[in-house]
Amino acid sequence: MTCWYEGPLAAFDTETTGVDVETDRIVSAAVVVQDAPGTRPRVTRWLVNPGVPVPEAATAVHGLTDEHLQREGRWPAPVMEEIARALAEQTARGRPLVVMNAPFDLTLLDRELRRHRASPLDHWFETTPLQVLDPRVLDKHLDRYRKGRRTLTDLCAHYEVVLDGAHDAAADAQAAMDVVRAVGRRFAARLERLSPAELHTLQAVWHAAQARGLQAWFARSGSEEAVDPAWPLRPDLPAAA
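Note that the structure is predicted; figures quoted are calculated from it, not measured.

Trainee: Give me the lowdown on the side chain of Asp134, citing residues and values where you can.
Mentor: With respect to the helices, strands and loops of the structure, Asp134 is situated in the loop between β5 (132-133) and α5 (135-142). Arg136 provides the closest opposite charge to the buried, salt-bridge-free Asp134, at an N-O distance of 6.5 Å. A distance of 3.0 Å separates the side chain of Asp134 from the backbone nitrogen of Asn101, its partner in a polar contact. Leaving out residues up to four positions away in the same chain, Asp134 has contacts with Val99, Met100, Asn101, Ala102, Pro103, Gln203 and Trp231.

Structure (structure tokens):
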């Protein structure tokens, strides 16, 4: 029987106007689907005119300017619905969804759907629940004592995954998928008996523990920064923009 990390996977990634899930906007997104390692992926891309200015700092990361997005991007409302439908379709077909740092991308998508479609992301998964694989959570739990950062670039270097074109949504989604496959192989003895659904549940517990550890570290460092333990989606805030 094929292990989940050698089978069909989908991956999702976004590029945004910033890092605040409550106020920032999606400017590009991609879903990458691959039936098995080494097979040709199927890629769907979206380019969005967010309707708000794109800060220079964000453009410096992903290269998408106001001018380009206003000329080539689509209005957010139909795009957000298309993205939600695409993710729901992959889930309905039994493909686990790889999302690097899932609470960021999925929460931002949820807020965009609420903003433009008056509908939360959960609405699209009422019949078939999400099964998310987050390479950051998996790696941090399975190799918890390794020192160093765990950004996508760092994980790609550690697991010898090629990241060609970082901060392009499709490139980042493909790289995250490749990292998840590499994590699965490296820790096969601990993962191969677990289904994606079981791993989804476990990752919520692992992420909460990781968040508590980071919160304690912040407290010892004198920082007041708050760490949200929710995974893969942060709860809605009444004051969300």
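Okay, back to it.
Trainee: Please set out the nonpolar core residue by residue, giving values where relevant.
Mentor: One finds Phe12, Ile83, Leu87, Leu106 and Leu109 to be the most contacted residues of the largest nonpolar core, which totals 59 residues. Ranked by residues supplied to this core, first place goes to helix α7 (residues 169-186) with eight residues. Those residues in contact with Leu109 that lie beyond four places of it in its chain are Phe12, Ile26, Met80, Ile83, Leu87 and Leu121. By size, the runner-up hydrophobic cluster in this structure holds five residues, among which are Val27, Ala58, Leu64 and Leu69.

Trainee: Explain α7 to me, and be specific about the residues and the numbers.
Mentor: The end-to-end C-alpha separation of α7 is 26 Å, in line with the 26 Å expected for 18 residues at 1.5 Å each. Between the side-chain oxygen at the start of α7 and the backbone nitrogen of Ala170 there is a gap of 3.2 Å, and the oxygen is on Asp168.

Each value, and the rule that gives it
Residues numbered from 1 in each chain as written. Predicted model: local features only at pLDDT ≥ 70, side-chain atom pairs only at ≥ 80, totals over all residues. Heavy atoms only, no water. Helix = DSSP H or I, 4+ residues; strand = E, 2+ residues; numbered from the N terminus. Buried < 20%, exposed > 50% of the residue type's maximum accessible area, 1.4 Å probe, protein only. Lys, Arg positive; Asp, Glu negative; His and termini not counted. Salt bridge = Lys/Arg side-chain N within 4 Å of Asp/Glu carboxyl O. Polar contact = N/O pair within 3.5 Å; in protein donor to acceptor, adjacent residues only side chain to side chain. Contact = heavy atoms within 4.5 Å. Core = buried A, V, L, I, M, F, W, Y, C linked by side-chain atoms within 4.5 Å. Expected span 1.5 Å × (residues − 1).

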